[in-house]
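Structural overview for review
Here is how the chains run, residue by residue.
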Amino acid sequence: MNENLPLSEAVFFILLSLLPGPKHGYAIMKDVETLSEARVCLSTGTLYGALKRLLEDGWIERMDDDGEQTARQRKAYALTRLGKSVLEAEATRMKNLVALMQQRAPEGNAI
Amino acid sequence: MSRMVERFVRFYAFLTGLYPHAFRREFAGEMQAVFRERLASEMDTGARGLWRVLWGELRDWPGAVLAEYWFAWRDVCGRGLMSLYAEGKSWKIEERREALLASLPPVLFGVCIALEALVIWEPWYTVTRWRLMTGFAIMMLPSPVIALGGLIAIFKRLPAWGYSWAGGAVMGVVVLVKLLAEERADFGLPLLSTILDIALAILLLVGILALVFVTAWRGWRQAGLTSLGFATVAGMSSFSMATAAPFNRYDLALLAMPVGMVMAWLTWLYVRKGDAGRVAAILGYGVMNAVVFLVIANAWNLPPDRPSPVIPFLVALTGALLVGPVAGLLGRPLRKVIQGA
């Protein structure tokens, strides 16, 4: 699991966006923008390139979005168990880094 | 405003069409729909908002497309180099008549060069005018025939027999320009003018590369046959160097006939047998061209202080022979990525 870490910021935010439940492409894009406070603005090409890789790695899966039928068949993306584990591992990694910094910070300058 | 949205969506559809085939097939529809949604969400902000969305896409588009081509290329190559040989339809000429036609150029050259040698045989200033003219006419005969055959092959969109003819015709033009340029250079003159000579050289190079590209696109076997056409003319032209003054080695030029026959047999092997036969034919061509050129260069007896043309010529011959199959093999993963084969 750890060989996949650290995650790129875009991948981290995409996985984080899918944590509450499945979303389609546009919703992921908006959510990533909100979560990152507009720091990460994915273009459609970048988003789908990342989604393709995540699908191949088995971190996310694709499902038909039954809730909203449009002219195209809308696809939603959901986090798999493996994807969730990767996200948790990344969170643990970041937590450990913060803990290390807190240990080393001088008295009174705790982070 | 909605017309502007439609135009932007159409333009974005064009951009998504430039992704690799497999990626396009899987995601292009969704990407266009998401792009439309993004535009729709910016409708309230007016044209500026729409342009901002489009600019965001355009800015990332080259990197995203290149990344996808890179991943697609890596996927194909990751299957292993040997799969490049194993996959794809095997190509060969089933019809005997068509195979004979493909093998004809070296015979034509060989016979005509040998006949010219028999007709002239002695230094040009010692033979009668009619013998000289007859000899030259016979020697020159294959050039228009191959040029015509090559043109027909190109106009017919390169049928199976046409690869060797097209290769021979293109290389024939190169050799002809080289010979004329050398004659003019003896008098310290350019062929046309310095600028036009450079333009002509670039044009010839583009012609060769275009033919290699087109045939390599069809497959390494077809491109290899084009290369045999290149090598036939390049190799055979070395016989005309032996007969040129002051060497006048018409006895060596007689070798053109058996050499042409062997080249034709190798071409036959190439178009009728499997891949092992093709590799053997290419190797055979390479060895024979090298031996012929070494024999002829030896007959020139060049003074040791003059730079030897042997290495550059052998490199050019080998390059002409290998450019087709190598381009076909190297281009194969790229072709698969683009065609989604």
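Note that an α-helix has 3.6 residues per turn; residues three or four places apart therefore point the same way. For helix α5 (residues 96-120) of chain B, built from 25 residues, the straight-helix expectation of 36 Å at 1.5 Å per residue is met to within 8% by its first-to-last C-alpha distance of 36 Å. The largest bend in α5(B) comes to about 45°, at Leu104(B), with the proline Pro105(B) one to four residues further on.

Contacts between chain A and chain B engage 13 residues on the former and 17 residues on the latter. Elements with a minimum of two residues in the side of chain A that touches chain B: α2 (25-35) and α3 (44-57) of chain A. Tallying contributions element by element places α3(A) first for the side of chain A that touches chain B, with six residues. Of the residues that constitute the side of chain A that touches chain B, the class distribution is four nonpolar, six polar and three charged.

Take the nonpolar core next. Counting residues in each nonpolar core, the largest one holds 63 residues, and the members touching the most others are Ile113(B), Ala166(B), Ala231(B), Ala253(B), Ala256(B), Tyr285(B) and Ala320(B). What Tyr285(B) contacts, discounting residues up to four positions off in sequence, is Leu228(B), Ala231(B), Met263(B), Leu266(B) and Leu321(B). One finds Phe13(A), Val32(A), Leu79(A) and Phe27(B) within the second-largest nonpolar core, a separate group that totals 37 residues.

Moving on: unusual backbone geometry. Residues other than glycine seldom take positive phi values, yet Ala38(A) does so here, at roughly 65°. Its place among the elements puts Ala38(A) in the loop between α2 and α3. Located in the positive-phi region is Arg157(B), a residue other than glycine, with phi close to 60°.

It is worth spelling out the environment of Ala91(A) at this point. All names here are of chain A. Along the chain, Ala91 turns up in helix α4 (residues 81-104). Owing to 12 C-beta atoms within 10 Å, Ala91 belongs among the exposed residues under this scheme. Residues Ala91 and Phe12 lie 79 residues apart in sequence; the distance between their C-alpha atoms is 9.6 Å.

We now examine the packing of α2(A) against helix α2 (residues 21-41) of chain B. Their axes nearest at 9 Å, the elements α2(A) and α2(B) cross at an angle of 55°. Between α2(A) and α2(B), the interaxial angle falls into the category oblique. As for the relative orientation of α2(A) and α2(B), their crossing is right-handed in sense. In contact with Gly25(A), Tyr26(A) and Met29(A) of α2(A), α2(B) contributes Glu30(B), Val34(B), Glu37(B) and Arg38(B). Class assignment for the residues of the contact of α2(A) with α2(B) results in three nonpolar, one polar and three charged.

What counts, and where the lines are drawn
- Residues numbered from 1 in each chain as written.
- Chains lettered and ligands numbered in written order.
- Predicted model: local features only at pLDDT ≥ 70, side-chain atom pairs only at ≥ 80, totals over all residues.
- Helix = DSSP H or I, 4+ residues; strand = E, 2+ residues; numbered from the N terminus.
- Expected span 1.5 Å × (residues − 1).
- Bend = angle between axes of the 7 residues up to and from the residue.
- Contact = placed C-beta atoms within 7 Å.
- Nonpolar A, V, L, I, M, F, W, Y, C, P; charged D, E, K, R; others polar.
- Core = buried A, V, L, I, M, F, W, Y, C linked by C-beta atoms within 7 Å.
- Buried ≥ 20, exposed ≤ 12 C-beta atoms within 10 Å, placed from the backbone.
- Axes fitted to C-alpha atoms, helices over the stretch in contact; angles between N-to-C directions.
- Parallel < 35°, antiparallel > 145°, perpendicular 65-115°, else oblique.
- Left-handed = near helix turned anticlockwise from the far one by under 90°.

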